[in-house]
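Now for the letters of each chain:
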Amino acid sequence: MVLISVNAEAETIQTNTACDCDDDCDDGNRCTTDMCSSGLLFGKYCTHTEICCDDNDACTVDSCSKTTGCVHTPINVDDNNPCTIDKCTKGFISHTQISCDDHNACTIDSCDCSSGCQNKPISCDDNNPCTVDSCNNSTGCCNTQINVDDGNPCTIDSCSRLTGVIHIPINVDDGNPCTVDACTKEGGVTHTPINVDDNNKCTTDACSPFTGVTHTQICCDDNNACTDDSCSPSTGCVNTPISCDDNNPCTVDSCNNSTGCCNTQINVDDNNPCTIDACTKSTGVTHTPINVDDNNKCTIDACTKEGGVTHTPVNIDDGNACTYDSCSPSTGVSHTPISCDDNNPCTVDSCSNSTGCCNTPINVDDNNPCTIDACTKSTGVTHTPINVDDNNKCTIDACTKEGGVTHTPVNIDDNNACTFDSCSPSTGVSHTPINCNDNNACTVDSCSNSTGCVNTPMSCDDNNPCTVDSCSNSTGCCNTPINVDDNNPCTIDACTKSGGVTHTPINIDDNNKCTIDACTKEGGVTHTPVNTDDGNACTYDSCSPSTGVSHTPINCNDDNACTVDSCSNSTGCVNTPMSCDDNNPCTVDSCNNSTGCCNTPINVDDNNPCTIDACTKSTGVTHTPINVDNNNKCTIDACTKEGGVTHTPVNIDDGNACTYDSCSPSTGVSHTPINCNDNNACTVDSCSNSTGCVNTPMSCDDNNPCTVDSCSNSTGCCNTPINVDDNNPCTIDACTKSGGVTHTPVNIDDNNKCTFDSCTKENGVTHTPINCDDKNACTIDSCSNSTGCVNTPMSCDDNNPCTVDSCNNSTGCCNTPINVDDNNPCTIDACTKSTGVTHTPINVDDNNKCTIDACTKEGGVTHTPVNIDDNNACTFDSCSPSTGVSHTPINCNDNNACTVDSCSNSTGCVNTPMSCDDNNPCTVDSCSNSTGCCNTPINVDDNNPCTIDACTKSGGVTHTPINVDDNNKCTTDACTKEGGVTHTPISCDDNNACTIDSCSNSTGCCNTPISCDDKNPCTIDTCSKEKGCQHTPINIDDDNKCTIDACSLANGVTHIPISCDDNNACTFDSCSNSTGCINTPMSCDDKNPCTVDTCDKKTGCCNTPINVDDNDKCTVDSCTKEGGVTHTPVNCDDNNACTVDSCSKSIGCVNKPMSCDDNNPCTVDSCSNSTGCCNTPINVDDNNPCTIDSCTKSGGVTHTPINVDDNNKCTTDSCTKEGGVTHTPICCDDNNPCTIDSCSNSTGCVNTPMNVDDNNKCTTDSCKDGKIIHTPINTDDNNKCTLDACSPSTGVTHTPINCDDGNKCTINSCSPSVGCISTPIVCPKPKDKCSISQCDSAKGCIEVPMNCTSDKCNEASCCDGVCTSKPITCPKPKNKCQVSKCDLIKGCTISDVVCDDGNACTEDSCCPDTGKCQFEPIKLPKNKNKCIISKCDPIKGTITNSTVNCECDDLCNIGECCEDTGKCNYRQKDCDDNNPKTADSCDSKTGKCINKPYNVISSGSNLISGLIGGLIGGGSGGKGDCKTCKN
């Protein structure tokens, strides 16, 4: 029930609801302030004061909602004008004009009240058909010269404002009469050579750019003096042979290509090698017999017509293979017996007269399978014990004469259940510890020697109340933390071993000055952004988490050098365009956004090479004609627009071949007479005006082929006899007037197959006996005059199957014992004369059931261990040599209650973990090795404030997302694990410059399209998502090259016809819609090759006669309409074979005397006017029989001594001018008494060493100065494992040394490089596992007890082969504040108990009676003022003072501290304003007094009620109650 209604600025309602505190008065209305106030009469009652929602902002409408509190709605400032920015600042509404500048120099910018900004394109048309008009957004209009190139190489392309683009055909004439000139679009200009062939094979056809086509007579001279030369137009050159017959039967007639006819002397050789043939003027032909005796008793000397001179070796063979046959030129034939001793104790030596030496091997077999029987040249017969070691450490190896080789298996069992016993052929017996790991992390694994593997379960209790304890077979103990989550995002939940579960409030401060921080159980932590807008368009409003809100001035620089930049607080940036006009007619003015104003010089080029183009500020553009004079009197100077400057050479030819025409740039043309004197006494010199110099040769021919006719340039004609001798004894030389010089080869064949017939320029004809010795001792050598050499093979067969019969080409027959070894270690090999070769298989059985016995050619005898693996992992596989393979089942029990034990044949023991799954997703399932399955409830908290966490048996763990929707389409609602629920304003920017973007709380984003119409008929208006409105100029091209296309705002698109008149009298003008103006050149060709056809632009066609002079004195120049220009070559032939005829362009014919010097000292050089050069050979004969006379170009005349060698090494050969060739026998005595001297026709002197062998195998035998020496041999074999000695009968021996060192702890061996080696043996494992194996040098391997050493804190012992240690017990100290410890090095030690509680505000000590630590707080100073509290910092230990805090949550209670007691006293704040017309109270939240006038409800009777209400609500003073104080 409402007692009184008080109405002031805010309404307060007082109720009859009694209260103790303000919290009792909450009415759930966010538009009232609820208080508990004291009345004067009735105690404390609730009051509800209406709050004030005025935000002191005239730009908002203020109201209040009971559920949300104050609401401040912005007023509507929109003036519906798109050209203004509407805003309200401190109650003042403003509408600021927007800027429509689009920073585009190609638009006119404005704003339309209905549609907003308008950016209309400007027109850039300059009405010039030679430019492409466009606009650059940054610089404005741009009028670019068009490309006039029509891609046609046959036209000159240009453009003018009047005519537009024109393409004039080019002049293709290259001024060359040798080409056909044309031009095509595809190939360009071409100059194709003309066909110059006149179908006359007697002319060379050509064409010169100066003379045109020429047909020059060819030269048919084949440089062959033996032919008459001529030419036929149809077939070409004809060269007819001449006749050289001199009608003389004593000469051979021939013709030399270089010199002409040659008449050679006949051959006087009678083809008899036994005569010396010659011919002299007085005696004629003679044939004198030669001397054949060589003074050698080892040859038979003879000479026959067929074989010539022969020195046949005598036959020295006596048919006895046991003698050495030889011959001495002085003494004759001898037969010396040979020695067959091969110095080999392994053979029986003999000699057969028919076959020679024979060395038969002895039999070495001792019929013992335990030895290797052999015989060597050094040791004789040996029986070496075989090696029985099969390199298998699993067998005992031996050999007996009766049983042969045996390999007995060793015993491998060590009676230990913890080892796997096996034997490897390479390493021997091994006892490998078995693996007792059951792959269960919940057991401790070990092994017992008697029973095998033991797997003991482990305990996983960690004595921690914060974990659930279990064990996993795969990972071991698992101590899972319990769930401590209180489902409150505002607390940090934890659990400690000592303190249990705790929930500490979190720190919500995000250290961000840009957010308001809070936390609620429902919403979690929130960080609300602050408002940063300062209402200034020239600042950028932002907020930094570290410094707070800031307002930074914006940058108005638009990076455009063409604007002046500033800023307006109301509208923002202003960018004003600048002017770039420089008032200069020679520049184009523009502005570049990046560099600023640009004043570009204009192009002044008029495309005329005859003018100098320029521009100045005062005169503008000028084109001044250039000076073409080059100050050269030899040129005609001119300049045309088409060809530019030209300097054409003047014509200097005076038409006189007897003058030299020239021109000097300074003086001009001159004509100087030429000199025709060729300084040749063999010619008559003159000059013809038409042909030039004439040098006529004189004739010196005497018509004699045996003379050289010539003319000397200095003396005149010369006729010299020729030399016919070719200095070759192998030819007959002659010369006749009819036949000329001839050289006929001699006949050298003696019809004997046992001689080699030849003829050389040095030795003449020779018949050398051939050598039939094939150097093969296995053949009988001879020679037949009819068939040549015969080499007959001899037979060496001894009819013995145990020998290989062969013949050695150097020593003769050899019967070698065959090798019976078949390289097979599995057979015993032998050979007898009766049975031949045999290979008997050996016995390989080693009587061991654990091996597979075999023998192969590659590996020999092998005893391979059998494969004991039955591929069953559930058995232990082994093998006994006596019983064979066995497979024992293994034990798979792992003593673990969490596994099901079984065995798999493929993988072995399987200890399958049992399933503890209770099909409940809300529990953690585990298993204890000792107790079994355990199902612990899981922790479902995902520490995410954005989910509701739960778990059910049917649905499992669920984390249901909370509902974050605030029903506002303008926010993005979300929730994150870190920040909780957030409502972020969305961006409605659609990145589309063609829309206005806004947002409605109910419907969301709104993107309204803008209008882009610029009212211009010359543009197509569109809108670009990136750039906004676009106004693209329309295409005005009508595809008609005969019109000028344009568009204007007033007229729209127009097409005006162009003019095609090129003001050229040489063209026909027209226009094509597709290509534009066509100015077709007219043809001025008069079909006359003797005129140059041109056209003048003003007057038309012009046909000028051409200049036919080619400035060449070697041609006659003319031109006819039918034949065109011709340049006929002049004939410069002076019919003199002694001159070289040519023609010079400048002086005409030149007849230069030729040089006949062949640089050959062997000829006389001359020249004949009719035949040309003649080089006659000189006579070189010196009448000496001991020389070969010749002449060479490089060496001149030479007289080379002849070769007198008769190919007999037993004669000295020589020659004298008087006696001719002689062959004197040599002396072979070497003055050495240690040799037998003789001579061999083929090798010369032979000095054979005498036999010095003393049949002592311990000496090296030699001979010196006639004395025989026997030097002892070196027996050292560089092997430290042998004793070296020598026996005269058997030779050197190397006996193995004894390396036994008498030590049973070593294995003795020997190395050839170091000698005896003693390798320590490896002792087997001891039977007693607490013993170790050692080796005694006298006893060998022994067992000694294991030494188990330890430290000073443990007692060591041995158990079952393992050293164990037991900790010692240290005595307790008498002082309970001391403890005894054991140091591994020192042993038992005593130290003091350390008492430290980590608190600097306590004194720490130890009580000697109890041994427990004591922590006494330090004494704090006593303060007289009990309102001062002293405290100690537990970390630093420093003491600080603070005052008692008497502040209350109820700010209307004023607290004070009493210095005597240190307690707080409270009193109610006095709010009495001494005004009886006001109700006085205090706001407990703010501490502010409230004095509101009473509201008199009605007159009279209600005054008391108002008074009572005033007394109830206006009470003040008194202490009052305070529920919560901060002390």
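Definitions and limits used
Residues numbered from 1 in each chain as written. Predicted model: local features only at pLDDT ≥ 70, side-chain atom pairs only at ≥ 80, totals over all residues. Heavy atoms only, no water. Helix = DSSP H or I, 4+ residues; strand = E, 2+ residues; numbered from the N terminus. Rg over C-alpha atoms; globule rule 2.2 N^0.38 Å. Buried < 20%, exposed > 50% of the residue type's maximum accessible area, 1.4 Å probe, protein only. Contact = heavy atoms within 4.5 Å. Areas by Shrake-Rupley, 256 points an atom, 1.4 Å probe, with all protein chains shown as cover. Patch = residues over 30% accessible without salt bridge, like charges linked within 9 Å, V, L, I, M, F, W, Y side chains within 5 Å. Salt bridge = Lys/Arg side-chain N within 4 Å of Asp/Glu carboxyl O. Polar contact = N/O pair within 3.5 Å; in protein donor to acceptor, adjacent residues only side chain to side chain. Disulfide = S-S within 2.5 Å. Lys, Arg positive; Asp, Glu negative; His and termini not counted. Charge placed at Lys NZ, Arg CZ, Asp CG, Glu CD. pLDDT = per-residue confidence, 0-100. Pairing = 2+ DSSP bridges.

Description of the overall build of the chain
Okay, step 1: Broken down by element type, the chain carries 1 helix and 124 strands.
Okay, step 2: On C-alpha atoms alone, the chain measures out to a radius of gyration of 69 Å, which is more than a quarter above the 36 Å that the 2.2 N^0.38 rule sets for 1527 residues.
Okay, step 3: A principal-axis box enclosing the C-alpha atoms of the chain has dimensions of 205 × 140 × 65 Å.
Okay, step 4: Scored against the burial criterion, the 1527 residues of the chain give a buried share of 28%.
Okay, step 5: In the chain, the share of contacts with a sequence separation of at least 24, taken over all contacts with a separation of at least 6, comes to 36%.
Okay, step 6: Roughly 92300 Å² of accessible area belongs to the chain as shown, and the carbon and sulfur atoms make up 52% of that amount.

Observations concerning a nonpolar patch on the surface
Okay, step 1: Taken together, the side chains of Phe 420, Ile 434, Phe 876 and Ile 890 present a nonpolar region at the surface, about 280 Å² in accessible area.
Okay, step 2: Counting through the fold element by element, Ile 890 comes out in the loop between strand E74 (884–889) and strand E75 (899–904).

Notes on the side chain of Asn 81
Okay, step 1: Relative to the elements of secondary structure, Asn 81 occurs in the loop between strand E6 (69–74) and strand E7 (84–89).
Okay, step 2: In this structure the side chain of Asn 81 is engaged in a polar contact, spanning 2.9 Å, whose partner is the backbone nitrogen of Cys 83.

Comments concerning unusual backbone geometry
Okay, step 1: Even without being glycine, Asp 1039 reaches a positive phi, approximately 60°.
Okay, step 2: As for its placement among the helices and strands, Asp 1039 is situated in the loop between strand E86 (1028–1033) and strand E87 (1043–1048).
Okay, step 3: When its relative accessible area of 64% is taken as the criterion, Asp 1039 is described as exposed.
Okay, step 4: Positive phi, normally seen in glycine, also occurs at Asn 1063, with a value near 55°.

Overview of the state of the cysteines
Okay, step 1: Evaluated as defined, the whole model comprises 72 disulfides.
Okay, step 2: In this model, Cys 106 is linked to Cys 135 through a disulfide, with the two sulfur atoms separated by 1.8 Å. Judged by the sign of its S-S torsion, about -100°, the cystine formed by Cys 106 and Cys 135 is left-handed. Linking Cys 106 in the loop between strand E8 (92–97) and strand E9 (107–112) with Cys 135 in strand E11 (residues 131–136), this pair joins segments that are 29 residues apart in sequence.
Okay, step 3: On the basis of relative accessible area, Cys 135 is assigned to the partly exposed category, the value being 28%.

Observations concerning a negative patch on the surface
Okay, step 1: On the surface, Asp 20, Asp 23, Asp 24, Asp 26 and Asp 27 cluster together to form a negatively charged patch.
Okay, step 2: Turning to its location among the elements, Asp 26 is positioned in the loop between strand E2 (11–18) and strand E3 (32–38).
Okay, step 3: Given a relative accessible area of 58%, Asp 26 falls into the exposed group.

Points about the side chain of His 1127
Okay, step 1: Inspection of the secondary structure assignment puts His 1127 in strand E94 (residues 1124–1129).
Okay, step 2: Owing to a relative accessible area of 1%, His 1127 belongs among the buried residues under this scheme.
Okay, step 3: Separated by 3.4 Å, the side chains of His 1127 and Asp 1110 make a polar contact.
Okay, step 4: At 2.6 Å, the side chain of His 1127 forms a polar contact with the side chain of Asp 1117.

So, the confidence of the model for the chain
Okay, step 1: Averaged over all residues, the pLDDT of the chain is 78; the fraction at 70 or higher stands at 94%.
Okay, step 2: The low-confidence segment residues 1–10 (pLDDT under 50) makes 29 contacts with residues lying over four places distant or belonging to another chain.
Okay, step 3: Counted against residues more than four places away or in other chains, residues 1496–1527, with its pLDDT under 50, gives 70 contacts.

Some remarks on the pairing of strand E89 (residues 1067–1072)
Every regular strand shows the same layout, with side chains that alternate between the two sheet faces.
Okay, step 1: Across 6 bridges, E89 lies against strand E90 (residues 1076–1081) in antiparallel orientation. Counterpart to Cys 1071 in the pairing with E90 is Cys 1077.
Okay, step 2: Linkage of E89 to E90, two consecutive antiparallel strands, is achieved through a turn of 3 residues.

Regarding the environment of Cys 663
Okay, step 1: By the element assignment, Cys 663 lies in strand E55 (residues 659–664).
Okay, step 2: Given a relative accessible area of 26%, Cys 663 falls into the partly exposed group.
Okay, step 3: Remark: the alpha-carbon pair of Cys 663 and Asp 757, spanning 94 residues in sequence, is separated by 78 Å.

Things to note about the environment of Asn 823
Okay, step 1: When you line up the elements, Asn 823 lands in the loop between strand E68 (812–817) and strand E69 (827–832).
Okay, step 2: Assessed through its relative accessible area of 57%, Asn 823 is described here as exposed.
Okay, step 3: The spatial distance from the C-alpha of Asn 823 to the C-alpha of Pro 1185 is 73 Å, given a sequence separation of 362 residues.

Here's the deal with the environment of Asn 1423
Okay, step 1: Mapped onto the elements, Asn 1423 comes out in the loop between strand E118 (1413–1417) and strand E119 (1428–1432).
Okay, step 2: The exposure class assigned to Asn 1423 is partly exposed, which follows from its relative accessible area of 29%.
Okay, step 3: C-alpha separation for the pair Asn 1423 and Asn 1441, spaced 18 residues apart in sequence, amounts to 9.7 Å.
Okay, step 4: With sequence-adjacent residues up to four places away left out, Asn 1423 is seen in contact with Ile 1428, Ser 1430 and Asn 1441.

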